[in-house]
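For reference, the chains in residue letters:
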Amino acid sequence: MANTILLRNGRAMPPVGMTTTAGREAEIWCSLPASFEQGARRYCSSSSHGSLRALGTFLGESFQRGVLRSDMWVSASVGPGVVQYSEFSDCSSTNLKHKARMQIENSLDQLMLGYVDLLLMDLEDPSDEVRQQVWEVLEEYYFVGRAKAVGLRSSSWRHLAGLLKDANVAPMVVQLDCGPSRAHPELMKLCQQNGIILEVPSSAESASRSILSGVSAPTSDVLIPFLAQFSYGSELNSGHSFL
């Protein structure tokens, strides 16, 4: 893949991608081929977006036209709406991990893929115990090759520091859930120190929307990775290739 960002495990990730969000079905179906024509080869979705099946069908049709699986980067996540904290009041590890596996298997089934390139943990501030147990499921999928890379969506230094302390596989990507200009500098520094790619959805920062407005479809956001080194503005000019 040309113009890629190398993750810590050697996987090459396209620098800009489309994340499908909840919207009218017709808009989702139109946005996928439109983004592909504009050069997008990276797609991120989750069960909470309600667009996995549409993305899976689009990918299948693309493969039938001769697009290679290796040319597409697909992300999925364990996220809110599936992992309900009220169901975990007993902190049962078996229950937690079973439900996390169910969501991942459901995502792979709807995507009609044997693996995803990036599997993200997207939990709204659960306990450290819940977060660790769900992360262990992501590690399982990484070790058997059904997730080629793992990461999390968070803007919390504490969440990332806890995973780095206890995980067998450290996150390779962190997606901010706020604009990078509002991110805690300690989080950015922690990512830099551990070789973690930090990125932000364009919906969280108007600057990124203006730079990449031609890539983003009506029901989509653009994912913009940047190195956690200096300020957000300087990183946009740090040598990354954007579509």
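Preceding this paragraph is the structure being described.
Residues numbered from 1 in each chain as written. Predicted model: local features only at pLDDT ≥ 70, side-chain atom pairs only at ≥ 80, totals over all residues. Heavy atoms only, no water.

Asker: I'm lost on the overall build of the protein in this one. Help?
Answerer: Helix and strand content of the protein: eight helices and 10 strands. Per-residue burial over the protein gives 50% buried out of 243 residues. Considering only intrachain contacts with a sequence separation of at least 6, the fraction spanning at least 24 residues in the protein is 68%. Surface exposure of the protein reaches about 10,500 Å², of which carbon and sulfur atoms provide 50%. (Helix = DSSP H or I, 4+ residues; strand = E, 2+ residues; numbered from the N terminus. Buried < 20%, exposed > 50% of the residue type's maximum accessible area, 1.4 Å probe, protein only. Contact = heavy atoms within 4.5 Å. Areas by Shrake-Rupley, 256 points an atom, 1.4 Å probe, with all protein chains shown as cover.)

Asker: Just checking my understanding: could you explain the pairing of strand β7 (residues 150-153) for this structure?
Answerer: Here is the key point about a regular strand: its side chains alternate between the two faces of the sheet. With three bridges joining them, strand β6 (residues 118-121) and β7 adopt parallel strand pairing. Each bridged residue has a counterpart across the sheet, and for L119 the counterpart in β7 is V150. As defined by bridge partners, β7 adjoins strand β8 (residues 173-175) across three bridges and the pair is classed as parallel. From the neighbouring strand, G151 faces β8, where its bridge partner is V173. For the handedness criterion, the β-α-β arrangement of β7, helix α5 (residues 157-166) and β8 is classed as right-handed. (Pairing = 2+ DSSP bridges. Right-handed = clockwise from strand over helix to strand, strands pointing away.)

Asker: Would you mind going over the packing of helix α2 (residues 52-64) against helix α3 (residues 93-111) with me for this structure?
Answerer: When two helices pack together, their arrangement is given by the angle between the helix axes and by the axis-to-axis distance. Two elements in contact, α2 and α3, have axes separated by 7 Å at closest approach and are oriented at 45°. With respect to α3, the element α2 is oriented oblique. Only S107, D109, Q110 and L111 of α3 make contact with α2, whose side of the interface consists of L52, R53, L55 and G56. Class assignment for the residues of the contact of α2 with α3 results in three nonpolar, three polar and two charged. (Axes fitted to C-alpha atoms, helices over the stretch in contact; angles between N-to-C directions. Parallel < 35°, antiparallel > 145°, perpendicular 65-115°, else oblique. Nonpolar A, V, L, I, M, F, W, Y, C, P; charged D, E, K, R; others polar.)

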